[in-house]
Amino acid sequence: MYLSVQQSIFYLFAFVSVLYVTHLGLYLITANLYDIWLYRHKQTRKPFVSDPLGPMPMPPYTQHTPGLVSVIISAHNETKVITRSLDSLRKSRYPYMEVIVADDASQDGTLQLVRDYIVRHPDLNLRVYRMRKNIGKGAALNCLLRRYVHGEFVMTLDADSIVHPDTIGNALSYFADPNIAGVAANVRIMDDPTVLGVLQKFEHMIGYRSKKMYSLLNCEFVIGGVASTYRMSVLERVGYYDTDTVTEDIGLSIKITSLGNRTHRMVYAADVVAMTEGVASFRALVKQRYRWKYGSFQNIIKYRHIILSLDTQYSRALTLYRLPMALISELVLLLAPLAWGYVLYMTFIQYNLTLIIGAYATVTLYMLITIWLDENLRPVGRLRLSGYALISYFIFFIMDFVQLIGIIRCLRRSHALVTQQNTGGRWTSPKRIGRKVQHVYEA
Amino acid sequence: MFIADILHHTAHLTFGRNTAQFKQLVAMLALVSVILWSIVLLTTVARILLCHVWYRRQYASSRTNMPPI
């Protein structure tokens, strides 16, 4: 049947509206179910999964030392923030860990700073290795993984991030299930009272809340670089990080998923809490989101055989829902200006504000529920964020705009994407602020 | 005025004026929203009851477990 342009736009808009409203509802419903599961899990879990028969081994360690966690940090010009990160690790309640820093040819004295830290804090099992030249984050981490890591588990951490004292212990509790290959942390944005800071904080809260659904349905395939924990044996099996993509963390998690996500599960752990700095400027945000988007596309194209696959080693939720939806949502983003044109025009000619008021109420209520059911906020923080939630509907347009710029830039480089040209290599850290943080559980 | 006319004309050509269809869509979205929000409310009540009342009470009766965050 022939559809006019006007009809096509209407049906497209109707499809997207229903899809988004349904998704928002499902995120909230499954997040509640996840929370119930998590509380139950916390009641029954063992504090540390490894070495149930006796005390943990002491140095010198050998490879795959049971129960030992190797925390690896790749740093490039991180003098402003790296001691804050090391301080948080020193306060960790999990005692059996080694911390290894890869200084990726920093020019600002990061190496000297870490060496000083080693001398000043001999209680922290910390080592630092310097790369001769800037080889990129993934390659620097690979160097550590291949040559210096001794742990049964590996946690990756960014130099600008901090962890809660219970983060490592909580992460390990998930590995009691032998099918768990990786655990994604609950990453929060540090306090920043600017519009950009609030926007990033809200976006992270919503994004990580949606991970609860993906984790329950076993269709998570994106694990970020902050406080993510893996089994070392799995990392060895997949050959560590890929260095030919711009987002090595997404690349690693989807590579592990490609082994079969029924036996190599990625889970989200809401009680594995870490904090990281948001970017400080609009330009940096655009650059960051473009890089994330480009990297996601690179990896989805690279592992495209999983999409719509009926192979029994993958969950149907991953192959038939999560991965196709990841692509559809990008396409929808491209059509966002058209959708908003439609809404504004119909609202204007009908003098009917129902849809706009409904959309505002839905987003605001969604944000308020997310804030009030968040496990890691204090009452004052909840109240303050609730005030911001009233304008969240409007500030999310900024993120839509940023994402739209990102996808347009990706399309302009679509040839390089499809032909999978090598884009790894050198890296530079975004401008760091070096905020002081009193407590990881805060608004 | 001239630009407004062009915008109005372009929008009319692109989106049409099928107001009945638009109203049907709004009604359907409202219905879907009401159903979903009802389930959200139910699961939220269940979450609060189970996490904050039942499990905490269980924890209080057996102090050996790890405390909830």
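Residues numbered from 1 in each chain as written. Chains lettered and ligands numbered in written order. Predicted model: local features only at pLDDT ≥ 70, side-chain atom pairs only at ≥ 80, totals over all residues. Heavy atoms only, no water.

Engineer: Sorry if this is basic, but what is going on with the overall build of chain A here?
Structural biologist: When you go through chain A residue by residue, the secondary structure sums to 15 helices and eight strands. Its C-alpha atoms give chain A a radius of gyration of 22 Å, near enough to 22 Å, the size a compact globule of 443 residues would have. C-alpha extents for chain A along the principal axes are approximately 75 × 50 × 45 Å. Relative to its 443 residues, chain A shows a buried fraction of 59%. Taking the intrachain contacts of chain A between residues at least 6 apart in sequence as the baseline, contacts between residues at least 24 apart amount to 83%. Entry remark: accessible area of chain A is about 18800 Å², with carbon and sulfur atoms responsible for 62%. For chain A, the centre of its 48 positive side-chain charges and the centre of its 32 negative side-chain charges are spaced 3 Å apart. (Helix = DSSP H or I, 4+ residues; strand = E, 2+ residues; numbered from the N terminus. Rg over C-alpha atoms; globule rule 2.2 N^0.38 Å. Buried < 20%, exposed > 50% of the residue type's maximum accessible area, 1.4 Å probe, protein only. Contact = heavy atoms within 4.5 Å. Areas by Shrake-Rupley, 256 points an atom, 1.4 Å probe, with all protein chains shown as cover. Lys, Arg positive; Asp, Glu negative; His and termini not counted. Charge placed at Lys NZ, Arg CZ, Asp CG, Glu CD.)

Engineer: Could you clarify how one ought to interpret the pattern of salt bridges in this entry?
Structural biologist: Side-chain pairs of opposite charge can arise where the charged atoms are in close proximity. All names here are of chain A. Going through the model one piece at a time under the given rule, you end up with 19 salt bridges over all chains. Across the salt bridge formed by Lys212 and Asp35, the nearest N and O atoms sit 2.7 Å from each other. With a gap of 177 residues between them, Lys212 in helix α6 (residues 195-216) and Asp35 in helix α1 (residues 5-44) connect regions that are remote in the sequence. When sorted by exposure, Lys212 lands in the same class as Asp35, which is buried. Linking Glu330 and Lys293 is a salt bridge whose minimum nitrogen-to-oxygen distance equals 2.8 Å. Placement of the pair is Glu330 in helix α10 (residues 316-334) and Lys293 in helix α9 (residues 282-302), with a sequence separation of 37 residues. Lys293 matches Glu330 in its accessibility class, with the two residues each being buried. (Salt bridge = Lys/Arg side-chain N within 4 Å of Asp/Glu carboxyl O.)

Engineer: When you look at a positive patch on the surface in this model, what are you seeing that I'm missing?
Structural biologist: All names here are of chain A. Taken together, the side chains of Lys287, Arg409, Arg412 and Arg413 make up a positively charged region of the molecular surface. Inspection of the secondary structure puts Arg409 in helix α14 (residues 392-412). On the accessibility criterion, Arg409 (33% relative accessible area) is partly exposed. (Patch = residues over 30% accessible without salt bridge, like charges linked within 9 Å, V, L, I, M, F, W, Y side chains within 5 Å.)

Engineer: For this particular structure, what's the right way to read the interface of chain A and chain B?
Structural biologist: Reports of interface size often rely on the accessible area that becomes lost once the parts have come together. Chain A puts 43 residues into the contact, and the matching count from chain B is 39 residues. When the area that chain A buries against chain B is broken down by residue, the three leading residues are Tyr39, Gln43 and Tyr345 of chain A, summing to 19%. Linking chain A with chain B are one salt bridge. Residues Asp35 of chain A and Arg47 of chain B are paired through a salt bridge, measuring 2.6 Å at the closest nitrogen-oxygen approach. (Buried area = accessible area lost by both parts, 1.4 Å probe.)

Engineer: Would you mind showing me how to read the packing of aromatic side chains here?
Structural biologist: Each pair of aromatic rings is reported with the distance of its centres and the angle of its planes. One pass over the full model with this rule turns up 18 aromatic pairs over all chains. Considering the side-chain rings of Phe13 of chain A and Tyr342 of chain A, the 4.9 Å spacing of their centres and the 50° angle between planes classify their relative orientation as tilted. Of this pair, Phe13 of chain A sits in helix α1 while Tyr342 of chain A sits in helix α11 (residues 336-350); the two residues are 329 residues apart in sequence, bridging distant segments of the chain. Taken as a pair, Phe13 of chain A and Tyr342 of chain A share a single burial class, namely buried. Relative to Tyr148 of chain A, the ring of Tyr129 of chain A lies with its centre 3.6 Å away and its plane at 10°, an arrangement referred to as stacked. Taken together, the residues span a long stretch of sequence, with Tyr129 of chain A in strand β3 (residues 126-130) and Tyr148 of chain A in the loop between α4 (137-147) and β4 (151-158) at a distance of 19 residues. Counting every residue linked through ring pairs, the aromatic cluster contains Phe10, Tyr11, Phe13 and Tyr342 of chain A together with Phe22 of chain B. Over the aromatic face of Tyr214 of chain A sits the side chain of Arg322 of chain A, whose NZ or CZ is 3.8 Å from the ring centroid. Taking NZ or CZ as reference, Arg409 of chain A lies 4.1 Å from the ring centre of Tyr290 of chain A, over its face. (Phe/Tyr/Trp six-rings, centres within 6.5 Å; stacked < 30°, edge-to-face > 60°. Lys NZ or Arg CZ within 6 Å of the ring centre and 35° of its normal.)

Engineer: Explain the environment of Tyr294 of chain A here, please?
Structural biologist: Counting through the fold element by element, Tyr294 of chain A comes out in helix α9. Sequence separation of Tyr294 of chain A and Leu411 of chain A is 117 residues, and the distance between their C-alpha atoms is 9.3 Å.

Engineer: How should I be thinking about α6 of chain A in this particular structure?
Structural biologist: An α-helical turn contains 3.6 residues, so a residue and the one three or four places further along point in the same direction. Residue and element names in this part refer to chain A. Taking 1.5 Å of rise per residue, the 22 residues of α6 would be expected to cover 32 Å, and the 32 Å separating its terminal C-alpha atoms lies within 8% of that figure. Burial within α6 is extensive, with 19 of its 22 residues counted as buried. Note on α6: the residue one or two positions beyond its end, Asn218, has a positive phi of about 55°. (Expected span 1.5 Å × (residues − 1).)

By themselves, these figures tell us nothing about what the structure is for.
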